[in-house]
Amino acid sequence: MAAQTDLPTSFDYIVVGGGTSGLVVAARLTENADVKVLVLEAGENQLANPMINIPAMWTGILGNPELDWAFLTTPQEELKGRILRHPQGKALGGSSALNAEILVAPAKVDIDGWGQLGNPGWNWDVLAPYYRKFHTVNLPSQENIEHLGLDWVDDSIRGIDGPIQASFPVGAPDPLTKAWIETHKEMDNLIKVDVFSGTAIGGYSSHSSIDPKTRTRSYAASGYYAPASSRPNLTVLTGASVSRVLFQNEGSDPVATGVHFSINGEGKEVNATKEVIMAAGAFATPKILELSGVGNSKLLTSLNIPVVVDNPNVGENLQDHAISAISFEVNDGVPTADPLLRQEPEPLQAVMGQYMTDQTGPLSCGSVASHSMMPITDVLTGEGSMAQLASLFDEYASKHGTDAAFDFVRSVTTDPKQASACLLMFAAQVNAHDDKGEYGGRNYLQMPKAGNFMTLCSLLCHPLSRGSTHITCDNINVPPAIDPKYLSHPLDLEVISRHLLSLETLAKKEPLAQQLKPEGRRNHETAYFHNDLELAKDYARTTVISNNHPSCTCSMMPREKGGVVDARLRVYGTKNLRIVDSSIMPLIPVGNIVTTVYAVAERAADIIKEDQK
């Protein structure tokens, strides 16, 4: 990284944000030695930080002001007024530096849905090669393949030479992981195709972004930046906070010519001869656009910000995955991570010594390996559940009408071959109840109760609720007002509460049930539904938190339909300004969105190269 005193006055491209997408684009553009790229990242280079590199240490990063922007939402009306936290990576590599290392593939129907909203050239067939391009799937030993049920891996689909290393849990057989696979097998619900085929449905063991050779986190900084860091045409400044994009008026559309940023308390400007590329994430990208005069003119005028482009869609359409969970007490002797969460000295010392000696043990693994992409089913949710849910969608449509987004969500949620929830299992307890009234909902990582637990989670794949993120003043250092409006659409509550019922049923299925105490404790006295939908709904309102997948705040759609960028990722009403991060998604895909962030950034780099020919 160049010292700021050596900084040239101009570059071909300026990338605002050295996070997941920004480092992908910068690395790909600088493959051409004649292209000069500057990356400005507000966080620091944490490549040597063990808190980031040791896979299981991610929970210790959350809320750390040196590594996490630690955003908070506004009070959420449908969540009983709770304020939720939104971790975002404050480091080179962005949120890929602090996430739980889970790699979940999206569904083909999700990406095809992007094209159906008016984005030519965006569909599964176009984007699928970029999913393969960003990562390498490393298979474990044959013993582990059999234990984890990895017969779904398809060599013609899996990533084989991408920068991000993906691997599976290794070591002693884990009874819970095995029970997860066998239980789905008993229900005839194991996936039958590779997860990156776009059509996988059912249960499986997932990979994580962990390098199998070093058993360390593999993320954008280690996978994309580090190999490219010695290129003379790539300059990366950390601790550099961008406050606004600079524009010049030429003809009808203002031209982005550079950015204003601060580093070490000193303000600076730098020029871009080709493009300014926004990669600051779903909260910071619309924030910087608004501070630059691109956004809702009413908001900007109220804050005395000169209007450059009036587009009220900036910062709107915020989508995120809501998630809730139930913890079940396991039988004595079933290994879990609860002693580590309780910070018991002897187990902590043992696992730390194990990791330091040979990079094995609990600290070498990510958070969740047991997944299931699930529709509403009669087996888990009750007879006639899907028909009842379809009727609720039809009833809502007849009363309120529909739009393209509603029609898409209805089509996938009521399709028995598509996932409406991602079910997860991990070997530890969690309590999202805000009984202590702790600000920001931090207490779901409170000191766990005595005993060992297994947790089942339900993630709402296709929310209909739409939120927003907007600046409240013209100060770059003031966080935006983030209002995801969780469960504000009544059908979101109907879907997630039914999947909560399915968790209770799943825990009774064999052989998973054999791992649990028959009358064992749960995480909270309200975590007993007895197939009562109303109890599940109240539990959802009380416990839903963010799965930390904010997206869609600068959506790629026709401008008149709510868009901020076109299908080439160019910001409407401007020239030489593009966005490449999760904010461009028009619809949030299933599962953890980091895989799609990588794929979109890879494609964005190709689009930029094509447009410069």
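Reading the values: rules and limits
Residues numbered from 1 in each chain as written. Predicted model: local features only at pLDDT ≥ 70, side-chain atom pairs only at ≥ 80, totals over all residues. Heavy atoms only, no water. Axes fitted to C-alpha atoms, helices over the stretch in contact; angles between N-to-C directions. Helix = DSSP H or I, 4+ residues; strand = E, 2+ residues; numbered from the N terminus. Parallel < 35°, antiparallel > 145°, perpendicular 65-115°, else oblique. Left-handed = near helix turned anticlockwise from the far one by under 90°. Contact = heavy atoms within 4.5 Å. Buried < 20%, exposed > 50% of the residue type's maximum accessible area, 1.4 Å probe, protein only. Nonpolar A, V, L, I, M, F, W, Y, C, P; charged D, E, K, R; others polar. Pairing = 2+ DSSP bridges. Right-handed = clockwise from strand over helix to strand, strands pointing away.

1. Here we look at the packing of helix α4 (residues 108-116) against helix α5 (residues 124-134)
So, point 1. Remark: α4 packs on α5, axes separated minimally by 9 Å, with the N-to-C direction vectors making an angle of 125°. With respect to α5, the element α4 is oriented oblique. In the packing of α4 onto α5, the handedness of the crossing is right-handed. Only Trp124, Leu127 and Tyr131 of α5 make contact with α4, whose side of the interface consists of Lys108, Ile111, Asp112 and Trp114.

2. Focus: helix α1 (residues 20-29)
So, point 1. Counting buried residues along α1, 10 of its 10 residues qualify, which places the element largely inside the surrounding structure.
So, point 2. All buried positions along α1 are accounted for by Thr20, Ser21, Gly22, Leu23, Val24, Val25, Ala26, Ala27, Arg28 and Leu29.

3. A closer look at the packing of helix α14 (residues 385-400) against helix α16 (residues 490-506)
So, point 1. Where α14 meets α16, the closest approach of the two axes is 11 Å, and the angle between their N-to-C directions is 175°. Considering the angle they form, α14 stands roughly antiparallel to α16. Contacts between α14 and α16 pair Gln388, Leu389, Leu392, Phe393 and Tyr396 from the former with Pro490, Leu491, Glu494, Val495 and Arg498 from the latter.
So, point 2. Counted by class, the contact of α14 with α16 contains 7 nonpolar, 1 polar and 2 charged residues.

4. A look at the sheet that holds strand β7 (residues 202-205)
So, point 1. On the basis of which strands lie adjacent, the open sheet formed by 6 strands has the order β7-β18-β19-β20-β17-β23 and antiparallel pairing. The open sheet has two edge strands, β7 and β23 (545-546), and neither has a second partner.
So, point 2. Here β7 pairs with strand β18 (residues 370-374) via 4 bridges, running antiparallel. The residue bridging tyrosine 204 from the neighbouring strand is histidine 371, located in β18.
So, point 3. Packed on one face of the sheet, helix α7 (residues 175-186) meets β7, β18, β19 (421-426) and β20 (453-460) and runs near 150° to β7.

5. Looking at the pairing of strand β1 (residues 10-16)
So, point 1. Of all 7 residues that make up β1, 6 are buried, and the element is covered over most of its length.
So, point 2. As paired strands, β1 and strand β13 (residues 266-278) are joined by 6 bridges and run parallel to one another. What sits directly across from serine 10, in β13, is asparagine 271.
So, point 3. In terms of strand pairing, β1 meets strand β2 (residues 37-41) through 4 bridges, oriented parallel. Looking across to β2, one finds that tyrosine 13 is bridged to valine 37.
So, point 4. Note on the crossover from β1 through α1 to β2: the handedness is right-handed.

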